[in-house]
Amino acid sequence: METTAKMTMPHVRRRLTAAGMLAAIAVAMAAPASARAESWPAKPVTLIVPYAAGGTVDKVARQVQDGLRKRLAQPVMIDNRAGAGGTIGTGQIARSAADGYTIGMVFDAFATEPYIYPKLPYASHKDLTGVSYMVRSPMVLVVPASSPYKTLQDYVAAAKKPNAVSYASVGAGSSNQLVAELFHEAAGTSGIHTPYKGGGPAINDLLGSHVDSMIASLPLVLPYVQAGKLRALAVTARQRDARLPAVPAVAEAYKGFEAYSWVAMIAPAKTPPNVVGKLAAEVNATLRDPAIAKLLADGGFEVIAGDAAQANKLIQEESARWGRLIKARHIATE
C-alpha cells in the first residue's frame, strides 16, 4: 500500500497541475470576451438598414445617427443593404459577429418575414434579438386629390362591390398590404392589391391616379396631404392624430381597429446582454433628446424608446397578429 501510494503521488500531482492549467486557460479565454464587452464600444459601429436610402427606416436611422455617435463616442456608419423585402440585409445582421459592432434597424415587415418567406436562411426568433422599440407611426388611408371618394364612407361604399377599388403597397406581404387587408376584413369590403417595388413608385402612381388608394405610414404621406396632392380619409391609430385633426380614425367606424408602422433596432442574438443594455440606453437617450424627438414628431413619428424586452414583446405580438391574417387571407409572395 505504501509503495502504491508513493507511486501514485506524482500522478496525482500531474493531474492537479493539469486541472489547474485547464482552469487557467478557461479563465484566460473568458477574460478577453468579458473585457471586450465591458469596454464596448471601442471601435466604429455599423448600423445595417435592410432597405433603400430615403425610406422610412433609413430616415429614422439618419435622424439618430449623429446623436448616437456623440453618445457612443465612436463613428456610427449606416450601411443600406436593400433587397428581397429587407431579408438580404437582415440576414447580414444575423450572420455578423455578436459583439455589438454590427447592429440593424428594421420595421414592421420584420415580424412577418417567416410567414412570407418560408425559406429564410436565418430564424428571426433565434438568430436575432430586439434592442430598442424606437418609434411608431399611425398609417393613413389616402386617395388622390382628384378622387371621387371624399370620405371614408364613400370609399367603403365603393369597395363593397367586388373589384371596384384598387390599393397600392410597397410589395406583397408588406405592412401596407396587411393593414389594407385588415381594414377590408373589418369593413366587409375588398380591394385589388397592386404591389410596387417601393414607396416611391407606389406614391407616384397614386399621385397620378393610376391606383385608387393606399394605406401608408404617416411620415410617408403627410407632406403630400399637407400639400393638397393626396386626400386623407382615415388614420389607423386608436384615435385621431394631432397632425390631421379633421381626419377620423378607422376605429370610429370599426371599433377596436388599430395598426401602426414601427421601427426597432436589432442585433445578433448572442450579443452580450450588457452590450445590448448599454446600446438600448444610448439609443433611447438619443431618441428622447428634445431636438431629435421634435424632428421625429414633425415627421409623423411617435417616440417610444422601449428597451430590449419591449422590442422583443412587440415583435412576438406583431408576428402572431399578422401571421393569423396572412394565413386567413392567403397572403404570400411565393
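Everything below is about the structure printed above this text.
Throughout what follows, the structure given in this document is the object of discussion. (Residues numbered from 1 in each chain as written. Predicted model: local features only at pLDDT ≥ 70, side-chain atom pairs only at ≥ 80, totals over all residues. Heavy atoms only, no water.)

Some remarks on the pairing of strand β1 (residues 45–49)
What counts here: Three labels apply to residues, based on accessible area from a 1.4 Å probe with only protein chains included: buried if under 20% of the type maximum, exposed if over 50%, partly exposed otherwise in between. Put simply, DSSP H or I for four residues or longer makes a helix, DSSP E for two residues or longer makes a strand, and each gets a number counted from the N terminus. Here, strands pair whenever DSSP counts at least two bridges between them.
With four of five residues buried, β1 lies mostly within the body of the structure. Relative to strand β2 (residues 76–80), β1 is paired through five bridges, and the arrangement is parallel. Within the sheet, the bridge partner assigned to T46 lies in β2 and is M77.

A look at the packing of aromatic side chains
Note the following rule: Two aromatic rings from Phe, Tyr or Trp, using only the six-membered ring of Trp, form a pair when their centres are within 6.5 Å; if the ring planes differ by under 30 degrees the pair is stacked, by over 60 it is edge-to-face, and anything between is tilted.
Applying the stated rule across the entire model yields six aromatic pairs. Ring plane angle 70 degrees and centroid distance 4.7 Å describe the contact between Y51 and F107, whose orientation is recorded as edge-to-face. Of this pair, Y51 sits in the loop between β1 and α2 (56–72) while F107 sits in strand β3 (residues 102–107), and the two are 56 residues apart along the sequence. Relative to F183, the ring of Y155 has its centre 6.2 Å away and its plane inclined at 50 degrees; by these criteria the two rings are tilted.

Points about the packing of helix α7 (residues 175–187) against helix α12 (residues 308–328)
The test is simple: In this analysis, axes come from line fits to C-alpha atoms, helices being fitted only over the stretch in contact, and the angle between any two N-to-C directions falls in the range 0 to 180 degrees. Reported orientations rely on four angle classes, namely roughly parallel under 35 degrees, roughly antiparallel over 145, roughly perpendicular from 65 to 115, and oblique for the rest. The handedness criterion is simple: a crossing whose near helix is rotated anticlockwise from the far helix by less than a right angle is left-handed, and one whose near helix is rotated clockwise is right-handed. Contact between two residues is taken to exist if any of their heavy atoms lie within 4.5 Å; hydrogens are not considered.
Close contact between α7 and α12 brings their axes to 11 Å; oriented N to C, the two are set at 70 degrees. It follows from the interaxial angle that α7 and α12 lie roughly perpendicular. Where α7 crosses over α12, the two elements pack in a sense that is left-handed. In contact with L178, V179, E181, L182 and E185 of α7, α12 contributes R321, W322, R324, L325 and I326.

Re the side chain of S319
By the element assignment, S319 lies in helix α12. For S319, a relative accessible area of 15% puts it in the buried group.

Quick look at helix α6 (residues 152–159)
Within an α-helix, residues lying three or four positions from one another point in the same direction, as the helix has 3.6 residues per turn. The cut-off we apply is this: Arc, as used here, means the arc of the directions from the helix axis to the C-beta atoms.
For α6, the complete set of buried residues consists of L152, Y155, V156, A158 and A159. Buried residues in α6, looked at end-on, bunch into an arc of 165 degrees, giving them a common side. Looking at the buried residues of α6, the elements they touch are β4 (128–144), β5 (166–169), α7, β7 (213–217) and β8 (230–235).

As for the nonpolar core
The nonpolar side chains of soluble globular proteins are, as a tendency, buried together. Applicable threshold: In this description, a nonpolar core means a group of buried Ala, Val, Leu, Ile, Met, Phe, Trp, Tyr and Cys residues linked to one another through side-chain atoms lying within 4.5 Å. Domain limits in this description derive from either an automatic procedure or a database domain assignment.
Ranked by size, the top nonpolar core spans 80 residues in total, and within it M105, M134, Y155, F183 and M265 carry the most contacts. The two domains that each donate at least three residues to this core are domain 1 (45–136 + 260–329) and domain 2 (137–252). Among all residues touching M105, those that are not within four sequence positions of it are L47, I48, V49, P50, Y51, V57, V60, A61, M134, V263, A264 and M265. Within the second largest apolar cluster, 20 residues are counted, among which are V140, V142, V235 and L244.

Re the side chain of N176
Rules: What qualifies as a polar contact is a pair of N or O atoms within 3.5 Å, subject to a donor-acceptor requirement within protein and to the restriction that residues adjacent in sequence count only when both atoms come from side chains.
Relative to the assigned elements, N176 resides in helix α7. N176 gets classed as buried once you look at its relative accessible area, which sits at 5%. In this structure the side chain of N176 is engaged in a polar contact, spanning 3.4 Å, whose partner is the backbone nitrogen of V170. At 2.9 Å, the side chain of N176 forms a polar contact with the backbone oxygen of I215.

A few points about the environment of G100
Relative to the helices and strands, G100 resides in the loop between α3 (87–95) and β3. As for G100 and P41, which are separated by 59 residues in sequence, their C-alpha atoms are 7.7 Å apart. Once residues within four sequence positions are removed from consideration, G100 is found in contact with W40, V45, T271 and V275.

Some remarks on the environment of V221
Its place among the elements puts V221 in helix α9 (residues 218–226). Relative accessible area serves as the criterion here: at 0%, V221 is assigned to the buried category. Taking the C-alpha atoms as reference, V221 lies 9.0 Å from M139; in sequence the two are 82 residues apart. Aside from chain neighbours lying at most four places away, what touches V221 is V140, V142, I203, A216 and L230.

Comments concerning unusual backbone geometry
Each neighbour pair has its own omega, and for W40 with P41 the value is 0 degrees, a cis peptide bond. Positive phi values are uncommon outside glycine, yet A84 reaches one of about 55 degrees. Position of A84 among the secondary structure elements: in the loop between β2 and α3. For A84, a relative accessible area of 43% puts it in the partly exposed group. The phi torsion at A305 lies on the positive side, around 55 degrees, for a residue other than glycine. In this fold, A305 is placed in strand β10 (residues 302–306).

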